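Analysis of the macromolecular model
Each chain is listed here by its residues.
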Amino acid sequence: MDCERCGVDATLTHRDVDGFAYYLCEACIGRWDAVRTRSPEASDESRSAAQ
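Residues numbered from 1 in each chain as written. Predicted model: local features only at pLDDT ≥ 70, side-chain atom pairs only at ≥ 80, totals over all residues. Heavy atoms only, no water.

What to know about the environment of Thr13
Tracing the sequence through the fold places Thr13 in strand β1 (residues 13–17). Look at Thr13 and you get partly exposed, because its relative accessible area is 25%. Put simply, Thr13 and Ile29 are 16 residues apart on the chain and 8.2 Å apart in space, counted from C-alpha to C-alpha. For Thr13, the residues in contact, after removing those within four places along its chain, are Tyr22, Tyr23, Leu24, Glu26 and Ile29. Side chain to side chain, Thr13 and Glu26 meet in a polar contact 3.4 Å long. (Helix = DSSP H or I, 4+ residues; strand = E, 2+ residues; numbered from the N terminus. Buried < 20%, exposed > 50% of the residue type's maximum accessible area, 1.4 Å probe, protein only. Contact = heavy atoms within 4.5 Å. Polar contact = N/O pair within 3.5 Å; in protein donor to acceptor, adjacent residues only side chain to side chain.)

Structure follows, in structure tokens:
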């Protein structure tokens, strides 16, 4: 099955992201968890323009 974020054919895990259900690979889950747990003290300068 293909990851709904990056499209890689891998074992997927169900995740709710921003109120939507997705099936994500481990790499995308790790990226999403890193974004979700970002420190509130972090400045906006550390965010990418895509966010």
